[in-house]
Amino acid sequence: MEVMLHTVGKWNAGEKVVMFLEVSGLTVLLGDIISTMEFEKSGDYLAVGDQGGRVVIFEKKAGKDVRITSANFIWVPSEHHSQFELEQLDYADLQPPKFQYKTEFQSHEPEFDYLKSVEIQEKINKVKWCTTRSKSLFMLSTNDKTIKLWKVTERKAKQVKEMNLNPSVYSENALLAERSFVSGEHKSSFGNGNYLEWKEKTDNRMLPSHVGDSKEANIGDSAFARCRRVYAHAHDFNINSLSNNSDGETFISADDLRINLWNLEVNDQCFNIIDMKPSNMEDLTEVITSAEFHPLHCNVLAYGSSRGFIRLVDLRQSALCDHSARILHHVESRGPKSFFTEIIVSISDIKFATDGRHILSRDYMNLKLWDTRMSISPVAIYKIHEHLRPKLSDLYNEDAIFDKFDCCLSGDGLNFATGSYSNLLRIFPYGVGSAEGMTLEATKLPNRKPHLQVAPRTRRSSLSNLTRGFYRPGREILNSESNDLSCDLNSKLLHLAWHPRTNLIACATGSSLFMYYA
């Protein structure tokens, strides 16, 4: 699959990298909607999961060599050029990396829990690449309950190019088979003599005894995925996060109330390191929404909650990390609370910067950059949905206020990105928290008129709603104001990932995958 680029300001917008079949104007199937994505550490591979339980891997095309400088990533051709050509390269636009389809596999299938009478969907919640020293690729994928470790290897695919039939070559088995046919040549298998007619046609170099030499040709490499381990029966609630440790041996999985520590080599045992489940579920006030390991220190991890807290814990303190080493919480959010306060402060995603010092978090309204040494306020706040604050009641009625948007950082930690409604991609530079940043629309039809009508959706019962007191069927918030919104709630950019080594962003809207390059 090609990435077709066209210039939009400083950024180049990928016209389309369409996963699965999507025709403009037709309804997108629910199973084709992209649910998660992540770049491999080297940036050569991109894994994308969908709601149908599939994982699709894209591979970067082999091209020019890359030389990394302090200013940017500069393409250095392998062949020699004249001085004039080298000078022209300094001013020429950098050629963006291109990705192509590599392979796909069915990671999860729909299941049914007969003990709890609950259907387990095949939707891929998270995919995470594992560190490996071999040429094979390893990755973790999970749905609501089961985690799987996959190994992706390449094999040479061969095809018979030419076959030379040689009548003088006989094999023992073929000779026996021929005699069995000849012995019954005067006996017809059917009344019309079809057997004799077939034998006459096969006399001319077509009997099984006439075996020849064949020539095979390599038609290319093909990738195959094989499930190596299954980590199951460890979560009572839906898994929302996976994170690999920097030691390359362990990883964590988090659901609404617990975080478990696994060893990649052991699939029948895990350690519960964080447990927020109260003795009485009626006392539940907070759930875990996202968790991630520190990129450098294998003993430190962070997790966000539905109350807007980011907790840093040290695994060396105790086996059960109930007491946080540090709590990051915005002081302003402790002010007067409205009906929707606890909903909009819920953290949907957190990401560590590569230096491990900063954390990027996303709630419904804002994108926040934190310094782990400053616990009372974020370093910068980027407004995303501030224009929707007067319409929170309408968003609640449409169930849109519970949408969870991802966030990502560039490899150097100086740029941040997240998604919004109307398929908008928001990009912000470091140190300009009050600025608007850059806004791009991820669409194949950039001149289309936005559709502002929103179809009503059935509110889903979840543990997060229970903690906010909204687990009451039929409850609606009435508002006399107009229901017109300035964005299309049906078109939303929820999932995105930043290339670890260059300014390339992959983002998903529906079943389409877009790539933007600067």
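Residues numbered from 1 in each chain as written. Predicted model: local features only at pLDDT ≥ 70, side-chain atom pairs only at ≥ 80, totals over all residues. Heavy atoms only, no water.

A. Structural context of the overall build of the protein. When you go through the protein residue by residue, the secondary structure sums to six helices and 34 strands. Every one of the 518 residues in the protein was classed for burial, and the buried ones make up 46%. A separation of at least 24 residues holds for 59% of the contacts in the protein among residues at least 6 apart in sequence. Accessible surface, the protein: about 27,900 Å² in total, of which carbon and sulfur atoms supply 51%. (Helix = DSSP H or I, 4+ residues; strand = E, 2+ residues; numbered from the N terminus. Buried < 20%, exposed > 50% of the residue type's maximum accessible area, 1.4 Å probe, protein only. Contact = heavy atoms within 4.5 Å. Areas by Shrake-Rupley, 256 points an atom, 1.4 Å probe, with all protein chains shown as cover.)

B. Representation of the sheet that holds strand S30 (residues 424–429). Overall, antiparallel pairing links the four strands, which are arranged S28-S29-S30-S31 in an open sheet. Edge positions in the sheet fall to strand S28 (407–409) and strand S31 (438–441), since each of these pairs with one other strand and no more. Across the sheet, the axes of successive neighbouring strands diverge by a mean angle of 20°, strand direction being ignored. Sheet topology places S28 next to strand S29 (residues 415–419); three bridges connect them, and they run antiparallel. Considered in S29, the bridge of cysteine 408 is made with alanine 417. (Pairing = 2+ DSSP bridges. Axes fitted to C-alpha atoms, helices over the stretch in contact; angles between N-to-C directions.)

C. Fine view of the pairing of strand S4 (residues 34–39). Most of S4 sits out of view: six of its six residues are buried. Pairing between S4 and strand S5 (residues 45–50): five bridges, direction antiparallel. When the bridges of S5 are listed, glutamate 38 appears paired with alanine 47.

D. A look at the sheet that holds S5. The sheet built from four strands is open, its strands ordered S4-S5-S6-S9 with antiparallel pairing. Each having just a single partner strand, S4 and strand S9 (99–106) make up the two edges of the open sheet. Going from strand to strand, the sheet's axes swing by 20° on average, the running direction of each strand aside. Pairing analysis gives seven bridges linking strand S6 (residues 54–60) to S9, with the strands arranged antiparallel. Looking at the pairing, glutamate 59 lines up with glutamine 100 of S9.

E. Representation of the environment of isoleucine 401 within the structure. Tracing the sequence through the fold places isoleucine 401 in the loop between helix H5 (392–397) and S28. Considered as a pair, isoleucine 401 and tyrosine 364 are 37 residues apart in the sequence and their alpha carbons are 7.3 Å apart. If we ignore the near neighbours within four places in the chain, the residues touching isoleucine 401 are Phe340, Ile343, Ile344, Tyr364, Leu392, Leu395 and Tyr396.

F. The pattern of salt bridges, seen in detail. If you walk through the whole model with that rule in mind, you get 19 salt bridges. A salt bridge links lysine 60 to aspartate 44; its shortest N-O distance comes to 3.4 Å. Of the two residues, lysine 60 is situated in strand S6 and aspartate 44 in the loop between S4 and S5; the sequence distance between them amounts to 16 residues. A salt bridge links glutamate 59 to lysine 102, with the nearest nitrogen and oxygen atoms 3.6 Å apart. With glutamate 59 in strand S6 and lysine 102 in strand S9, the pair connects residues that are 43 residues apart, well separated along the chain. You can call lysine 102 buried: its relative accessible area is 14%. Connected via shared salt-bridge partners are Lys116, Asp236, Arg258 and Asp275. (Salt bridge = Lys/Arg side-chain N within 4 Å of Asp/Glu carboxyl O.)

G. Molecular detail of the packing of aromatic side chains. If you walk through the whole model with that rule in mind, you get 15 aromatic pairs. Considering the side-chain rings of phenylalanine 105 and tryptophan 150, the 4.6 Å spacing of their centres and the 40° angle between planes classify their relative orientation as tilted. Separated by 45 residues along the polypeptide, phenylalanine 105 in strand S9 and tryptophan 150 in strand S14 (residues 147–164) bring together distant segments of the chain. Aromatic pair phenylalanine 405 and tyrosine 421: ring centres 5.4 Å apart, planes at 90°, arrangement edge-to-face. Highlighted residues: phenylalanine 405 in the loop between H5 and S28 and tyrosine 421 in the loop between S29 and S30, separated in sequence by 16 residues. A single burial state applies to phenylalanine 405 and to tyrosine 421, both of which are buried. Taken together, the aromatic side chains of Tyr382, Phe416, Phe428 and Tyr430 make up a single cluster linked through ring pairs. (Phe/Tyr/Trp six-rings, centres within 6.5 Å; stacked < 30°, edge-to-face > 60°.)

H. View of the side chain of serine 361. Looking at where serine 361 falls in the secondary structure, it is placed in strand S25 (residues 358–362). Side chain to side chain, serine 361 and tryptophan 370 meet in a polar contact 2.9 Å long. Excluding its chain neighbours within four sequence positions, the residues that come into contact with serine 361 are Ile310, Ile347, Asp349, Ile350, Asn366, Leu367, Lys368, Trp370 and Cys407. (Polar contact = N/O pair within 3.5 Å; in protein donor to acceptor, adjacent residues only side chain to side chain.)

I. Focus on the pairing of S30. With five bridges joining them, S29 and S30 adopt antiparallel strand pairing. Paired with threonine 418 across the bridge in S30 is arginine 426. Linkage of S29 to S30, two consecutive antiparallel strands, is achieved through a turn of four residues, within which serine 422 is found at a positive phi near 60°. Direction of pairing for S30 relative to S31: antiparallel, over a ladder of four bridges. Counted as the bridge partner of leucine 425 is leucine 440 from S31.

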